[in-house]
Amino acid sequence: MKLQGNKRSTSLAPGIQNIVSRMLTAKPTLATASVISTACNNTLYLTECESALATVSGAVMKTSRHLFDVSIEFAMSRAHAIRSLAYNLTFPYDHRSHPYPPTGNYDCVELLDATVAQLSDVMDSRKQPSQEDVETWLSAALTNQVTCLESLKSKPPASGDASFDSQAEILIHLVSKSLALVKSIQLPRRAGRTNFVGGGGRKLLSRDSFPSWVSAADRKLLSTGGKDILVDAVVAMDDSGTHRSIGEALAFVSLASSRGGGRRVIYVKAGTYMENVKIPKGQTNVMLVGDGKGKSIIVGSRNAEDGWSTYQSATVAALGSGFIAKDLTIVNNAGPSNHQAVALLVGADKAVVYHCSIEGHQDTLYTHSNRQFYRETDIYGTVDFIFGNSAVVLQACNIYLRKPNHGQKNSVTAQGRTDPNQNTGISIHRCRIAPSSDLAAVKRSVPSYLGRPWQKYSRVVVMQSYLDDAIHPAGWEPWSGSFALSTLYYGEYGNTGPGAAASGRISWAGVHPSMSVSEASKFTVAQFISGTAWLPAAGVEFTAGL
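Keep in mind it's a predicted model, so treat the numbers as computed, not measured. (Residues numbered from 1 in each chain as written. Predicted model: local features only at pLDDT ≥ 70, side-chain atom pairs only at ≥ 80, totals over all residues. Heavy atoms only, no water.)

Colleague: Would you explain the sheet that holds strand S4 (residues 264-268) in this entry?
Modeller: Each strand in a sheet pairs with another by means of backbone hydrogen bonds, the pair being arranged parallel or else antiparallel. Spatially, the 11 strands line up as an open sheet ordered S3-S4-S7-S10-S13-S16-S19-S22-S25-S27-S28, and their pairing is parallel. Each edge of the sheet is formed by a strand with only one pairing partner; in this case those strands are strand S3 (233-235) and strand S28 (511-512). As paired elements, strand S13 (residues 351-354) and strand S16 (residues 371-375) share four bridges and run parallel to each other. Across the sheet, the residue bridging to Tyr354 is Arg375, located in S16. Helix H8 (residues 216-223) rests against S4, strand S7 (286-290), strand S10 (324-326) and S13 of the sheet, and its axis sits at about 20° to S10. (Pairing = 2+ DSSP bridges. Helix = DSSP H or I, 4+ residues; strand = E, 2+ residues; numbered from the N terminus. Contact = heavy atoms within 4.5 Å. Axes fitted to C-alpha atoms, helices over the stretch in contact; angles between N-to-C directions.)

Colleague: Honestly, the side chain of Asn370 in this entry has me stumped. Any pointers?
Modeller: For Asn370, the position within the fold is in the loop between strand S15 (365-367) and S16. Among the polar contacts listed, one links the side chain of Asn370 to the backbone oxygen of Gly347, at a separation of 2.9 Å. Residues in contact with Asn370, not counting those within four places in the same chain, are Gln118, Thr136, Trp137, Ala140, Gly347, Ala348, Asp349, Ser390 and Ala391. (Polar contact = N/O pair within 3.5 Å; in protein donor to acceptor, adjacent residues only side chain to side chain.)

Colleague: Mind showing me how you'd approach the UniProt feature "active site" (unreviewed entry) in the chain here?
Modeller: Under the UniProt annotation, the feature "active site" (unreviewed entry) is placed at Asp384. Here Asp384 lies in the loop between strand S17 (378-381) and strand S18 (386-388). The class of Asp384 is buried, set by a relative accessible area of 4%. Residue contacts for Asp384: discarding those within four places in its chain leaves Asp363, Ser411, Val412, Thr413, Ala414, Arg452 and Trp479. (UniProt positions renumbered as here; feature names shortened; annotations may be inferred. Buried < 20%, exposed > 50% of the residue type's maximum accessible area, 1.4 Å probe, protein only.)

Colleague: Where do I start with the pairing of strand S20 (residues 398-401) in this structure?
Modeller: Of the strand pairs in this sheet, S17 and S20 are connected by four bridges, and their pairing is parallel. Opposite Asp378, over in S20, you have Asn398 as the bridge partner. With four bridges joining them, S20 and strand S23 (residues 432-435) adopt parallel strand pairing. Looking at the pairing, Asn398 lines up with Arg432 of S23.

Colleague: Looking at this structure, I do not really get the packing of helix H3 (residues 46-54) against helix H7 (residues 164-181). What am I missing?
Modeller: In a packed pair of helices, the relevant descriptors are the angle between the two axes and the axis-to-axis distance. Where H3 contacts H7, the two axes come as close as 10 Å, and the packing angle between them is 85°. Compared by their axis directions, H3 and H7 come out roughly perpendicular. From H3, Glu48, Cys49 and Leu53 reach across to H7, where they touch His173, Lys177 and Leu181. Split by residue class, the contact of H3 with H7 holds three nonpolar, one polar and two charged. (Parallel < 35°, antiparallel > 145°, perpendicular 65-115°, else oblique. Nonpolar A, V, L, I, M, F, W, Y, C, P; charged D, E, K, R; others polar.)

Colleague: Where do I start with the packing of aromatic side chains in this structure?
Modeller: Each aromatic ring pair is summarised here by two numbers: the centre-to-centre distance and the angle between the ring planes. Per the counting criterion, the structure on display carries six aromatic pairs. Their ring planes at 25° and their centres at 5.7 Å tell us that Tyr489 and Phe523 sit as a pair that is stacked. Of this pair, Tyr489 sits in strand S27 (residues 489-493) while Phe523 sits in the loop between helix H11 (517-521) and helix H12 (525-528), and the two are 34 residues apart along the sequence. Across the pair, exposure class does not vary: Tyr489 and Phe523 are buried alike. On the accessibility criterion, Phe523 (5% relative accessible area) is buried. An aromatic cluster is built from Tyr366, Phe387 and Trp454, whose rings are joined through pairwise contacts. Above the plane of the ring of Trp308 lies Arg302, whose end atom (NZ or CZ) is 4.1 Å from the centre. For Arg452, the ring lying beneath its charged end belongs to Trp479, and the centroid distance is 4.0 Å. (Phe/Tyr/Trp six-rings, centres within 6.5 Å; stacked < 30°, edge-to-face > 60°. Lys NZ or Arg CZ within 6 Å of the ring centre and 35° of its normal.)

Colleague: I'm lost on the state of the cysteines in this one. Help?
Modeller: The term disulfide refers to a covalent linkage connecting the sulfur atoms of a pair of cysteines. Tallied over the entire structure, the rule returns two disulfides. Disulfide pairing is shown between Cys40 and Cys49; the S-S distance is 2.1 Å. One disulfide, between Cys40 and Cys49, carries an S-S torsion of -70° and so falls in the left-handed class. Judged by its relative accessible area of 1%, Cys49 falls in the buried class. Linked covalently through their sulfurs, Cys108 and Cys148 form a disulfide whose S-S length is 2.0 Å. Taking the sign of the torsion about the S-S bond as the criterion, the disulfide between Cys108 and Cys148, at about 95°, is right-handed. With a gap of 40 residues between them, Cys108 in helix H5 (residues 104-123) and Cys148 in helix H6 (residues 131-154) connect regions that are remote in the sequence. For Cys148, a relative accessible area of 0% puts it in the buried group. Once the bonded cysteines of the chain are numbered in order along the sequence, the disulfide links fall as 1-2, 3-4. You can see Cys356 has no disulfide; the closest cysteine sulfur is in Cys397, sitting 9.9 Å from it. (Disulfide = S-S within 2.5 Å.)

Colleague: Just checking my understanding: could you explain the side chain of Ser390 for this structure?
Modeller: Summarising the element assignment, Ser390 is placed in the loop between S18 and strand S19 (391-395). Looking at Ser390, the relative accessible area reads 0%, which means it is buried. Filtering out sequence-adjacent residues up to four positions away, Ser390 remains in contact with Thr367, His368, Ser369, Asn370, Gln372, Gln415, Thr424 and Gly425.

Colleague: Mind showing me how you'd approach the pattern of salt bridges here?
Modeller: Any two side chains of opposite charge can pair if their charged atoms end up close together. The full count for this structure, using the stated rule, is 20 salt bridges. Put simply, Asp218 and Arg263 hold a salt bridge, and the shortest N to O gap is 2.6 Å. Here Asp218, found in helix H8, pairs with Arg263, found in the loop between helix H9 (246-259) and S4; they are 45 residues apart in sequence, far enough to count as distant. For the residue pair Asp218 and Arg263, the accessibility class agrees, reading buried in each case. (Salt bridge = Lys/Arg side-chain N within 4 Å of Asp/Glu carboxyl O.)

Encoded structure:
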């Protein structure tokens, strides 16, 4: 590894528009009913949408795009207000009096900060967001508020404002309406590489063989051997690097980033690092690279039984866009008895995890939000161990079912899509799903399923993957009674192995055990996460189509 010098800054964070004053000066007149009716047609909250837009100035309500812009302003205004409320409830005293583990309010503050930034990005004309960008950021903003409410439920504050939950619900409705409205306007589609055969051919493997949101420089980083990578910090247990902990290295490169932007690479030398690592939303383009699976190991043990919210339990939490991890093992060693215990949480947009091992039991990998790609990564767990509400493709990964507690069932996925307009879901493509060594001998006595519907519009597809007979013939498991069985989407295409037989699959309305080629293609790297527009820059190998 070589220590890399500072890089020049490429951009500044945009300012937030003063939308509140614009809303207050608008004259309430009746907008064009037909435009509003068409624009609100896809929302879950039709009456609310029509009523809200009909009271805003008719002078700006000429097209669906104008309606969308006004809806974003409403959402931004509410987000600022509820964020102020969250700060006042969470940080009224000296920091030494804060509860530990933190209450759900702390999660909400962090998530509301992210929501305000995402709504600001949607409104920022300088970013020229594409249709995919806007749908992704609004889907993530919606997911943030759902997570906030879940954290408040699991870790309520000792005292607080009873109206906070209702305020968060209002924000959910406003963002949901904006997400529905964006379907009625035509934003530019992001251009991307198309050097694959039709919609389902295999992308030619070359030095460009990663989905296209990955820059040429990042592509080189991912395809280069570790010793040839220029780095900004070196973490080593034996004092042979620049820092002894990953947290110290992150703080160092954060200061360096304030003097100049660009990719920041932290090399984690072989060793076991007992720490919890967080890369905040404002710290973008961070790459953690180790010496390989089982060599550079990050271990944490936070869990629900010890009072941590699921969101705060992660050993590594990556929230800054452009996050890359390579050649690492990330572990939550809390064990199967401590319930929710996340090893890796990713809320970063355009994130890549390559050639890593993610190890835990319940809730191992939290693919929280935004666009994500995993390649040649091992994922170990028991209950709902790949979960969240991102738009994520896992490709050429090994997914290992572990032995759970007595009486528990295994479920590979628990996808969290709460709104039919969210562009989210879990796509498992060209992977291998099989028992780990501790489960193999007793797999007949432990029912294991491909997934269960955590939220109403849960969406998971498994394509061209090998399924061991540890997978129950029914394939999928209910969450509770008939919840979500007609609104979920569970699909399978071209799978092999003794657990792949479609004949025994459960016959819910939302289950599609034999997807068509055209339907399966919608969940490929190229179409589902627009990967040909950003992954090549990261430098990882990928298959764009089927």
